[in-house]
Amino acid sequence: MHNWASISEIRYEKTSKFMNEQTLIKLLSKTPVTRLRYFDTINSTNDFAQDWINAGTPDFSIVVADQQTSGRGRLQRKWITNPGAALAFSVIFHLSPQELTSASLIPIMAAVSTTSAIFQQFSIQAQIKWPNDILVSGMKTAGILVESTWFDEENVSTVIGIGVNISPAALPSLDETALPATCLEHAAGHPLDRWQLLKCILISMQEWRMNINSEELIKYVNNRMAYIGQRVYINSSDGQSISGIVQGVDSTGSLLLQTQDGVESIHAGDVHLRLHNE
Ligand code: BT5
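Residues numbered from 1 in each chain as written. Predicted model: local features only at pLDDT ≥ 70, side-chain atom pairs only at ≥ 80, totals over all residues. Heavy atoms only, no water.

(A) Up close: the site of the ligand. Taken together, 30 residues lie around the ligand, and S44, R72, R77, K140 and N165 are the ones closest in. At 2.9 Å, a side-chain N or O of Q68 approaches a nitrogen atom of the ligand. R72 places a main-chain nitrogen or oxygen 2.7 Å from an oxygen atom of the ligand. Burial of the ligand by the protein amounts to 95% of the accessible area it has alone, namely 790 Å². Mapped onto the shell around the ligand, the elements with two or more residues apiece are α3 (45-54), β3 (86-94), β6 (139-150) and β7 (156-165). The class makeup of the residues in the shell around the ligand is 10 nonpolar, 13 polar and 7 charged. (Near = heavy atom within 4 Å. Polar contact = N/O pair within 3.5 Å; in protein donor to acceptor, adjacent residues only side chain to side chain. Areas by Shrake-Rupley, 256 points an atom, 1.4 Å probe, with all protein chains shown as cover. Helix = DSSP H or I, 4+ residues; strand = E, 2+ residues; numbered from the N terminus. Nonpolar A, V, L, I, M, F, W, Y, C, P; charged D, E, K, R; others polar.)

Given below as structure tokens:
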């Protein structure tokens, strides 16, 4: 049996203190990353990425932080990133005209890349909670925040922010999270190397990006999707709510929900999915 408190201390010594930009650049040299900035502490990697886009940074630039002081989720919710315990990074894509037509699939592509890397690297089976959460044993272990800037009809840049709980020290306190959270080390039962996972996610992202419009991507999501066959509620930010049984996602990444009026297709937008009994 591991003592989790002491394991997270050891990991803090090993992975946090000694990570720096040069080491990370070397580690990620065989990935598609073009530019990299690493911060011990930052407000939000997505905010930095946004400013970096405005300053003209190239496609596949990434921002990585050990700790975020104002990490963000969707709809101004908070994302907690404690030092030495998590992955928090943002990837910048300048969308090609072809990718622009598949923009709605970017959050799904990011979720698939993260889920497949978690399996490849650590043999942990994670599930995708549509549209942007990653669950292990039904508990949230990672979250994704995709934010796009439209400079004009053809020039669109996207920031894909990903936060993954690696060790128990990453877990938010009960008053910081609405739903139960977990970390990958809980599932593995031993310490994990978060930087190897980062590398694997980036490589996976490059591969899935090239196949963003594929049946394979949709098949992958539908095989790894949480709550299939279960009743859920979808709440939209304007206060509307609909209930139905989860069928999967369609080719645009919309959620297919069996309701009493038939199958409804729900776009990600500003909606929040919760289980019937949550
Ligand atoms: C998300 O939003 O899950 C998207 C999280 C994206 C975080 C990354 S980290 C790198 C980049 N920079 C940023 O500033 N953000 C991105 P949402 O579905 O809205 O979920 C937010 C909710 O998750 C919060 O309201 C809490 O209930 C819960 N939560 C916060 N921190 C958590 C954590 N570390 N683990 C599990 N749940 C958490």
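(B) Summary view of the pattern of salt bridges. Using the criterion set out here, one finds 8 salt bridges in the structure. Where R209 meets D59, a salt bridge forms, and the shortest distance between an N and an O atom there is 2.9 Å. With R209 in helix α7 (residues 194-210) and D59 in the loop between α3 and β2 (61-68), this residue pair connects regions lying 150 residues apart in the sequence. Given a relative accessible area of 13%, R209 falls into the buried group. Note on D59: relative accessible area 25%, which makes it partly exposed. R194 is the salt-bridge partner of D66, the closest N and O atoms lying 2.8 Å from each other. One end of the pair, D66, is in strand β2; the other, R194, is in helix α7, and 128 residues separate them in sequence. The exposure classification of D66 matches that of R194, with both residues buried. (Salt bridge = Lys/Arg side-chain N within 4 Å of Asp/Glu carboxyl O. Buried < 20%, exposed > 50% of the residue type's maximum accessible area, 1.4 Å probe, protein only.)

(C) Inspection of the sheet that holds β6 at higher detail. In space, the 7 strands of this open sheet follow the order β1-β2-β3-β7-β6-β5-β4, with mixed pairing throughout. Across the chains shown, the open sheet's two edge strands, defined by having one partner strand only, are β1 (35-42) and β4 (127-129). Averaged over all neighbouring strand pairs, the angle between strand axes comes to 20 degrees, with direction disregarded. Where β4 and strand β5 (residues 133-136) come together, 3 bridges link them in antiparallel fashion. Bridged to K129 within β5 is D133. (Pairing = 2+ DSSP bridges. Axes fitted to C-alpha atoms, helices over the stretch in contact; angles between N-to-C directions.)

(D) The packing of aromatic side chains, seen in detail. On inspection of all chains with the given rule, the structure shows 5 aromatic pairs. With a centroid separation of 5.6 Å and 65 degrees between ring planes, the pair formed by W208 and Y220 is classed as edge-to-face. Taken together, the positions of W208 in helix α7 and Y220 in helix α8 (residues 215-223) put the pair 12 residues apart, joining distant regions of the chain. As far as the burial class goes, W208 and Y220 line up, both buried. Among the aromatic residues, those joined into a ring-pair cluster are F39, F48 and W52. In this structure, R224 packs its charged tip against the face of Y220, placed 4.3 Å from the ring centre. (Phe/Tyr/Trp six-rings, centres within 6.5 Å; stacked < 30°, edge-to-face > 60°. Lys NZ or Arg CZ within 6 Å of the ring centre and 35° of its normal.)

(E) The arrangement of the environment of G244 in detail. With respect to the helices, strands and loops of the structure, G244 is situated in strand β9 (residues 241-249). Here the alpha-carbon distance between G244 and F39, two residues 205 residues apart in the chain, equals 43 Å. Setting aside residues up to four positions removed in sequence, G244 forms contacts with Q230, R231, V232, L257, Q258 and T259. (Contact = heavy atoms within 4.5 Å.)

(F) Focus on unusual backbone geometry. Look at the link from W130 to P131: it is a cis peptide, with omega at 0 degrees. In this structure, P131 sits in the loop between β4 and β5. The backbone phi angle of Q76 is positive, close to 60 degrees, even though this residue is not glycine. Its place among the elements puts Q76 in the loop between β2 and β3.

(G) Focus on α7. Compared with the 24 Å implied by 1.5 Å per residue over 17 residues, the 25 Å span of α7 between its first and last C-alpha is a close match. Two to three positions downstream of the cap, the backbone nitrogen of W195 sits 2.9 Å from a side-chain oxygen, assigning the N-cap of α7 to D193. (Expected span 1.5 Å × (residues − 1).)

(H) Representation of the nonpolar core in the model. Residues I160, L184, L197 and M205 are the most contacted members of the largest nonpolar core, which totals 66 residues. The greatest single-element share of this core, amounting to 9 residues, is contributed by helix α5 (residues 106-122). Leaving out residues up to four positions away in the same chain, M205 has contacts with F60, V91, F93, M109, A110, S113, I160 and I162. One finds I42, A49, A65 and V159 within the second-largest nonpolar core, a separate group that totals 9 residues. (Core = buried A, V, L, I, M, F, W, Y, C linked by side-chain atoms within 4.5 Å.)

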